[in-house]
Structure formats: C-alpha cells, structure tokens
Amino acid sequence: MCGTCGCTEGEQRIDARAQGEGTSRMIEVHLDIMAKNDRYAAANRLHLEEIGVLALNMVSSPGSGKTTLLVETIAALGPSAASVIEGDQQTRRDADRIRATGARAVQINTGKGCHLDAHIVGHALRDLAPDRDSVVFIENVGNLVCPAGFDLGEAHKVVVLSVTEGEDKPLKYPDMFAAADLALISKTDLLPHLDVDMDAVVANALRINPALDILPVSARSGAGMDGWIDWIRAARSRVALGRPIDTAAE
Amino acid sequence: MHEISLCESIREMLEDQAIEQRFERVRRIWLEIGPFSCVEPDALRFGFDAVMRGSLAEGADLEIVSAPGAAKCLNCGATVRVADRFALCPQCGHAALQVTAGDELRICKLEVV
Ligand SMILES: Nc1nc2c(ncn2[C@@H]2O[C@H](COP(=O)(O)OP(=O)(O)OP(=O)(O)O)[C@@H](O)[C@H]2O)c(=O)[nH]1
Ligand SMILES: [Mg+2]
Ligand SMILES: [Zn+2]
C-alpha cells in the first residue's frame, strides 16, 4: 500500500503482470547513475586545466546575493580576468547584470530543471571560451539541495549563505555544506538589524564540514571582499601550478 | 526535484542494458543508495513510476538497498560507520568527522525477462 495516500495501485499492477509473462532471470550489475554526469564533469575539469582556468561553482538558496557579489568581485578582479556562466530557471537578467560590468557571460535557462549538470556547463564553457589564467564563476540555480549532487568539473564549490537565512541552515541542508570548500556568509552589512548569531553559523557549518573555509562578506559595504579576492587568487595560483609544464611555458 | 532527472538516467541505462544483455522487460530493479548520495528515496520512488511509464521498465518494482556510510575522525584518526552528517565519533566523541564513503547511487541487480 502506498504510504502517502493509502492507494493500492502498485499491488494491482504487480498481480496483472504476474499472470501474463514468462520466467525471469536475475542479472548482477554495477551501474553508477551519476556516471554520465561524472564523465562530462571530468572532461570539463580536464579542459579547464588545459586552458589554465579556475572554475568556481557558486551555490546557494535563491536571493543570497550571488549575482551582486559576482558584480563586485568582477570589479575587483577586472572584467577581463573573469567570466560567468549564469544558471537560472528563467530570464536573462543575471547575465545582463554581469555583462554590464564589461565581463563576458553566458546564460543557461534550465526551465523546470533545479540544477546545472556537467553536460550543459560543458557547452556553455565552449561558448564562453574563457581566457587563460582567468576565473569562470558558474552561478548555479538558486537551490540549496539539488546542485550539491552534481559535479560540474569545477575546482571548488562555494556556498553562499546570507545572514538573513538563519544560523541553522548548514544543519538543515548539510549536503551542500559538505560538498563546498568555501562558505561565504553574505550581506554582513545587515547584521546590526538582525539577532543572528554568527558564531553559531560558523560552528554549524564546521560541524558538517570541518575542512570548510568560511569568510564573511558584504557586497554592499565591501567588508570582507579582500579576503574573498585573496581566496580566489590563491585558488587560481594552485590551478596555474597544477598545469602541465609544456602549456605553462607558452 | 533532481530525482526526476536521476530516474531519466536510470531509464536510459536500462535501455542500454536491454540491448547489451538481451532482455525485453525489467520487472524489478535494486538500487543501492548511500546516506550521502543527495537522494531522497521517497522522491525517487515517486519519480520512478512516472518516468518508467511507457518504457521497458513500466510497472517494475523498485527495491532500495541502503549502503553504509563511513567517515574518518580528524581528532583520533579512527575510521567509523556513520548514518548522517551530524554523527559524533563513536571512539572519541568528537564532531570532526570527514565523510569517506556513502555517496553510492547505483543499480546493483535487475530481474528481467
Ligand atoms: N544588504 C545587502 N543586500 C544585498 C547584498 N547582496 C545582495 N543584496 C540584495 O539581495 C537581493 C538578491 O541579490 P542577488 O544578487 O540577485 O541574489 P542571487 O543570489 O543572485 O539571486 P538568484 O540568482 O535569484 O538566486 C537583492 O535585492 C540585492 O540587492 C549585500 O551585501 N547586502
Ligand atoms: Mg543571481
Ligand atoms: Zn575520534
């Protein structure tokens, strides 16, 4: 019986089928359901390494301030040092906001899709054709759940959590905080108006992922932006170091 | 609801397997799911019936097998079994557990005709 509504649909179907068909056999298999996405992700990662580009997969709930933060980040890095793949269910607004900075952007509309996958990002990367040594920000669909399970080939997932969302979010959405390498606690300019406990936000995030880097930022006031830019530069130099010697020499 | 797109991947894999392993229909499918696979079993069941409709696995039974999760304690170094991300180290009581296994999401057995 269906646990949700008490229907017996499934049972009837099994009975009908049992009468009509021949003998069955069992096959043992080992089929990884994420294998296809993971193959595309590995291809993206290889491509990014070859072209010496740092890709950061920016994940958060809707409205945490990802696009605003990216606009300010591009202003700090310089519009030719960064480009953006924007993932939203609908509209081209976020890509337009990025292009207004002078940086290049590609918009992906996922329609009903709740996450970006490695295949669609691979196409977007080829359309974007990022410059060597630049940074590609992939702004994922605003959703603190599903994007956690999809590797896009990025170097790091960066989870953005705004101070207005509450200190319990790392505990309620642990998969995302476990998958990320950096958590940006955004909109810290609003802290004087809130009773959120920043120490508890940090403690909860570290409870889920003890290796997580955590940086407070405000795109509005600029506080903490230096720390975030330094983090990006350090990650970018690790990409440069990891590059094969023959391509690094060009 | 990425469970729908996962079900679509499952359907494609079954279609490939049907050609490779020469079967007509799938009656039952065993799916191994780890505690850190980012999958909600109920949502998967819900999507499964809808996505398999009209395919070789229409009406197939979905058996969900849970895979164990493992973690390494960053405090005492022990490798321990864990069921969720809030677990404390059973050896030393510390919360500094780094998950090392349990993201499985795979088809492990099929009953076919
Ligand atoms: N006070 C304050 N507001 C901010 C800050 N950053 C963003 N906002 C506001 O938060 C709202 C959402 O910002 P966006 O940058 O569109 O957020 P997003 O995460 O890109 O949103 P989606 O792409 O729709 O998920 C806007 O009204 C911004 O003006 C900040 O640092 N401080
Ligand atoms: Mg946005
Ligand atoms: Zn321990």
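Let me begin by describing the structure that accompanies this report.

Analysis parameters
Residues numbered from 1 in each chain as written. Chains lettered and ligands numbered in written order. Predicted model: local features only at pLDDT ≥ 70, side-chain atom pairs only at ≥ 80, totals over all residues. Heavy atoms only, no water. Contact = heavy atoms within 4.5 Å. Salt bridge = Lys/Arg side-chain N within 4 Å of Asp/Glu carboxyl O. Polar contact = N/O pair within 3.5 Å; in protein donor to acceptor, adjacent residues only side chain to side chain. Helix = DSSP H or I, 4+ residues; strand = E, 2+ residues; numbered from the N terminus. Nonpolar A, V, L, I, M, F, W, Y, C, P; charged D, E, K, R; others polar. Buried < 20%, exposed > 50% of the residue type's maximum accessible area, 1.4 Å probe, protein only. Pairing = 2+ DSSP bridges. Axes fitted to C-alpha atoms, helices over the stretch in contact; angles between N-to-C directions. Donors = N, O, S within 2.8 Å, 3.2 Å for Na, K, Ca; no water. Tetrahedral: all angles 85-135°; square planar, octahedral: opposite > 155°, others 65-115°.

**Quick word on the interface of chain A and chain B**
Facing 33 residues of chain A, the contacting portion of chain B comprises 38 residues. Across the chain A-chain B interface, the total number found is 2 salt bridges. For the pair chain A and chain B, the number of links is 11 residue pairs in polar contact (both at pLDDT 80 or more). Secondary structure elements with two or more residues in the side of chain A that touches chain B: α1 (9-20), β1 (25-32), α7 (174-179) and α8 (198-208) of chain A. Among the elements that make up the side of chain A that touches chain B, the one with the highest residue count is β1(A) (8 residues). The residue inventory of the side of chain A that touches chain B, partitioned by class, reads 17 nonpolar, 7 polar and 9 charged.

**Things to note about the pattern of salt bridges**
Tallied over the entire structure, the rule returns 13 salt bridges over all chains. Of the charged contacts in the structure, one is a salt bridge between E12(B) and K36(A), with a shortest N-O distance of 2.8 Å. Placement of the pair is E12(B) in helix α1 (residues 3-20) and K36(A) in helix α2 (residues 35-50), with the two residues belonging to separate chains. Look at E12(B) and you get partly exposed, because its relative accessible area is 34%. E63(B) is paired through a salt bridge with R28(B); the nearest N and O atoms lie 3.0 Å apart. A residue pair is termed long-range when its members are at least 10 positions apart, and E63(B) in strand β2 (residues 61-66) and R28(B) in strand β1 (residues 26-33) qualify at 35 residues. Judged by relative accessible area, which is 27%, R28(B) ranks as partly exposed. Bridged by salt links that share partners, the residues D168(A), K169(A) and K172(A) form one connected network.

**Focus on the sheet that holds strand β7 (residues 182-186) of chain A**
All names here are of chain A. Across the sheet, 7 strands lie side by side as β4-β3-β5-β2-β6-β7-β8; this open sheet has parallel pairing. At either end of the open sheet lies a strand with only one pairing partner, and these are β4 (104-109) and β8 (213-216). On average, each strand axis in the sheet is inclined to that of its neighbour by 20 degrees, with strand direction left out of account. Across 5 bridges, strand β6 (residues 156-162) lies against β7 in parallel orientation.

**Section: the coordination of the zinc ion (ligand 3)**
Residues and elements named next belong to chain B. Distances from the zinc ion (ligand 3) to its protein donors, C73 (SG), C76 (SG), C89 (SG) and C92 (SG), fall at 2.3 to 2.4 Å. Viewed at the metal, the 4 donor atoms of the zinc ion (ligand 3) are separated by angles of 107 to 115 degrees, and the geometry they form is tetrahedral. If you list the donors of the zinc ion (ligand 3) from N- to C-terminus, the spacing comes out as C-x2-C-x12-C-x2-C. You can call C89 buried: its relative accessible area is 3%. Residue C92 is classed as partly exposed on the basis of its relative accessible area of 34%.

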